[in-house]
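Descriptive analysis of the structure
Next come the chains, spelled out residue by residue.
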Amino acid sequence: MAPTVGRGAMTNHWSDLQNTDVALIMGGNPAENHPISFRWLTKAKERGAKILSVDPRFTRTSSKADVYAQLRSGTDIAFMGGMIKYAMDNELYHKDYVVNYTNASFIVKEDYKFDDGLFSGYDEATRKYDRASWAFETNEDGTPKEDKTLQHPRCVFQIMKKHYERYDVDTVTSVTGTSKEDYLKVCETFCSTGQVGKSGTIMYAMGTTQHTVGSENVRAFGIIQLLLGNIGLPGGGINAMRGESNVQGSTDFALLYHILPGYVGMPVAKDQHKDLAAYNENETPPSGYWSNKPKFLVSMLKSWYGDRATKDNDFLYDYLPKGNKNYSHINLFKAMYNGDLEGAFLFGTNPVVGGPNAGKEKEALGNLKWLVAVDLWETESSAFWQKEAGSDPSTIGTEVFFLPAASSYEKEGSVSNSSRWMQYRWKAIDPKGQSLADLEIINHLMLEIKDLYKNENTPAAKPINALTWDYGKDHPDIDLVCKEINGYDLATGKLLPGFGALKDDGTTASGNWIYSGFYPEEGKNRSKNRDNKDTGGGNFLNWSFAWPANRRILYNRASADLNGKPWSEDKKVIWWDTVQKSWVGYDVPDFVPTKAPSDEGGNKPFIMIKDGVGGLFAGMNEGPLPEHYEPFESPVANAFSSVELNPAVEIHEGDFNLKGEYKDFPIVATTYRVSEHWQSGSMTRNQEWLSELVGHMFVEISEELAKEKGIKNKDMVIVSTARGEIEAHAMVTKRFKPYTIQGQKVHHIGMPWHFGYKGFATGDTANRLTPHIGDANTTIPEYKAFLCNVRRAD
Ligand SMILES: Nc1nc2c(c(=O)[nH]1)N[C@H]1C(S)=C(S)[C@@H](COP(=O)(O)OP(=O)(O)OC[C@H]3O[C@@H](n4cnc5c(=O)[nH]c(N)nc54)[C@H](O)[C@@H]3O)O[C@H]1N2
Ligand SMILES: Nc1nc2c(c(=O)[nH]1)N[C@H]1C(S)=C(S)[C@@H](COP(=O)(O)OP(=O)(O)OC[C@H]3O[C@@H](n4cnc5c(=O)[nH]c(N)nc54)[C@H](O)[C@@H]3O)O[C@H]1N2
Ligand SMILES: [Mo]
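What comes next is a walk through the structure.

Note: strands within a sheet are paired through backbone hydrogen bonds, in either parallel or antiparallel orientation. Spatial ordering of the open sheet is given by E12-E13-E14, a layout of three strands whose pairing is parallel. Looking at the sheet topology across the chains shown, the edges are occupied by strand E12 (343–347) and strand E14 (399–404). The mean angle between the axes of side-by-side strands here comes to 15°, regardless of whether they run parallel or antiparallel. Across five bridges, E12 lies against strand E13 (residues 370–375) in parallel orientation. Following the sheet pairing, Gly343 is matched in E13 by Trp370.

Next up, the structure:
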């Protein structure tokens, strides 16, 4: 795992937003997409806090902001790189925090180089980096060499300073298209939170991540927050506003292809992961909390395979799928398109509307032999073969099965929100017709599969036969599932008190270590906790269960100084109590509670990270420091180097991902959400009242572009890209403005992606336009920046 701060979750939490002094909202539009956040931001504003909105389009969030800064889609690293430089040049960073709680003082190896957009170790043929030269020089005991004065030319601080020298205000704003005045106002206001006694939060979502540089966008946030000393403090942090109601829970439970539950890495490498011993040796860091990883993995295997998993058989580690393939959405659909997949389950997903280059993804579905759709409605995806969908059913051989699913109100279970809170929800009404809860569907399915394979001894059958699956035959008992996730002491049969009790010898079981402790032997399922009393500092410790260990603010040890005293009275969370000899305060300490500041490692607050400090310099697939690259399709050449596209991005060539050139497609386009619709629209375009509120597909066009093209408000227009064309109503608006980018006028448009042909509110699908290319670390598609053209539809 990359030693970064802030994962795909909030480091802090929704109600903590009330504690902030400045909220930088960049790459997200919470007023419309996460409206509850404004309950807390409004409280912060009443205390005098400032809101900054950085978005290519003036949104409802921007309308509530003190400063709005416009930027061209896909240029956030330029924007943040300039802010990092601003903070360093003007010495606005929190010096004590930077020196002691980050790797600013670490000495980087002599071989490290950065030259014209490329870091040392790049292999052009594979588009991959060898990271060896990005390592730190080490002392004899293996710890990094340091220069606490931050003067050494190869210390991280100086390397960063040099790296961002090129990100001066003129260059940055010529790339982003932001007015210099707005840009400086944002930098000045946000960097004011580097002062002791102040804290600033960064709130982001898909405007940040849906780029070929999405992960590095988040890294740039990490760097500025570490420089300003904002990580671990109330009102601080990096706060990923998650999307689907349970997307947090589903990633926690390994919906992503490259992880096991609780963010334990999948075994992928042939040699390093060939058996449990090899995996443990290569994947267990010598220090930091991840040094417990073998306990998490073995306990997970015990929960899957029960008594069949023994020390002698490596706890059946061998049954975990292995292989170094990228099974992201983009790659799965490419495989489907190429005919490499026989069948697929669409479990609550509608890719014909929501997938990148959706026209091609629709074609790809036609290459399947069978497709199972589990959904509340028949969607554009499960009905992709119909004439109505523009298909010729006589040419499609895919057999489609539809399983009606129960909606969230018709079943019980938990969802985990962005704050990492696991909240139980109870059933309100019985499911309609034949629809079943997903858990029921999975249970039936798994029992059938086990029955099918029970007499087989093939490699595919073995893990299925070994799996313990005993939640009940007709109706699974959800309480048993909850308890399995929490985990048991197998010797006593008692529920575990938390992940601290997990062992790697096969005597404990837990389905997901980060949730261990939510259902202890004493007391009840803590995700059902509903005490809405503020237990101090804006935390509500008795409302739901927050992973890990009911902790609300991650890295909260960093809110106190080297001696364990809060940096300021206003921003205290936990502190060292010299009488009780323990960390106490408003939150569950993100630290060993009895480890004194003077103990070995007692002032290393980032316990998940090997070195115990925040990573300003940290290895990602495209380098140790965020560097600006242009999107896959861009209107200008990269002003920072001669490397145009993120050099570590996997390029998908062929007709699945045609690339548009500036001469044909000179306009920058982005896609986003509206309050009135939800995602691919199945949930909202099937509701009359929401359909009436936003009834048609539309595209937002600036007054200037409308004038140039002779387009009036409500005219039908055609938006085209190298991938396809769609028709939409023009919404001529002041919310977009043309940019001046490197001296050249560039138009920018935007549109929602909620539409399809089903339901009451129908319209063309924006994703027929979007490219099929993803970020270099996560492969999230670049939905937010591409090139198009616009013309009247007559
Ligand atoms: N009503 C409603 N709420 C939702 C959803 C919904 O469909 N409807 N979906 C949910 C889901 S799954 C998710 S993931 C979240 C998404 O939440 P958000 O990320 O807030 O959603 P978007 O509207 O896609 O994008 C946010 C903003 O990013 C801006 N943007 C585009 N490109 C860039 C860029 O390069 N840089 C910057 N700084 N900004 C850019 C867009 O103009 C847009 O205003 O919302 C969730 N909430
Ligand atoms: N251009 C563009 N495209 C995007 C984005 C963007 O910003 N721009 N955002 C992307 C993002 S962030 C996301 S999350 C994806 C979402 O993409 P999808 O997940 O494909 O879209 P949804 O509409 O959320 O699909 C959910 C489906 O689940 C069904 N459903 C609802 N509740 C249940 C249930 O309890 N059980 C089952 N089985 N089904 C249920 C709904 O009816 C719906 O059809 O889209 C992505 N696509
Ligand atoms: Mo999402």
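One pass over the structure, following the stated rule, counts 42 aromatic pairs. Arranged with centres 4.7 Å apart and planes meeting at 50°, the rings of Tyr337 and Phe656 form a pair that is tilted. With a gap of 319 residues between them, Tyr337 in helix H14 (residues 329–337) and Phe656 in the loop between strand E22 (582–585) and strand E23 (667–672) connect regions that are remote in the sequence. Accessibility expressed as a relative area gives 18% for Tyr337, which makes it buried. Of the residues examined, Phe656 reaches a relative accessible area of 5% and is grouped as buried. An angle of 40° between the planes, with centres 4.8 Å apart, marks the rings of Tyr555 and Phe606 as tilted. With Tyr555 in the loop between strand E20 (545–546) and strand E21 (574–577) and Phe606 in the loop between E22 and E23, this residue pair connects regions lying 51 residues apart in the sequence. This pair shows no difference in class: Tyr555 is buried, exactly as Phe606 is. By way of ring pairs, the aromatic residues Phe106, Tyr112, Phe114, Phe119, Tyr122, Tyr129, Trp134, Phe136 and Phe617 are connected into one cluster.

Here we come to the pattern of salt bridges. With the rule as written, the count across this model stands at 33 salt bridges. Linking Lys427 and Asp430 is a salt bridge whose minimum nitrogen-to-oxygen distance equals 2.8 Å. Residue Asp430 is classed as exposed on the basis of its relative accessible area, which comes to 55%. Across the pair Asp794 and Arg792 runs a salt bridge, and its minimum N-O distance is 2.6 Å. You can call Asp794 exposed: its relative accessible area is 74%. Sharing partners across several salt bridges, the network here consists of Asp21, Arg47 and Lys571.

So, how was this worked out
Residues numbered from 1 in each chain as written. Chains lettered and ligands numbered in written order. Predicted model: local features only at pLDDT ≥ 70, side-chain atom pairs only at ≥ 80, totals over all residues. Heavy atoms only, no water. Pairing = 2+ DSSP bridges. Helix = DSSP H or I, 4+ residues; strand = E, 2+ residues; numbered from the N terminus. Axes fitted to C-alpha atoms, helices over the stretch in contact; angles between N-to-C directions. Phe/Tyr/Trp six-rings, centres within 6.5 Å; stacked < 30°, edge-to-face > 60°. Buried < 20%, exposed > 50% of the residue type's maximum accessible area, 1.4 Å probe, protein only. Salt bridge = Lys/Arg side-chain N within 4 Å of Asp/Glu carboxyl O.

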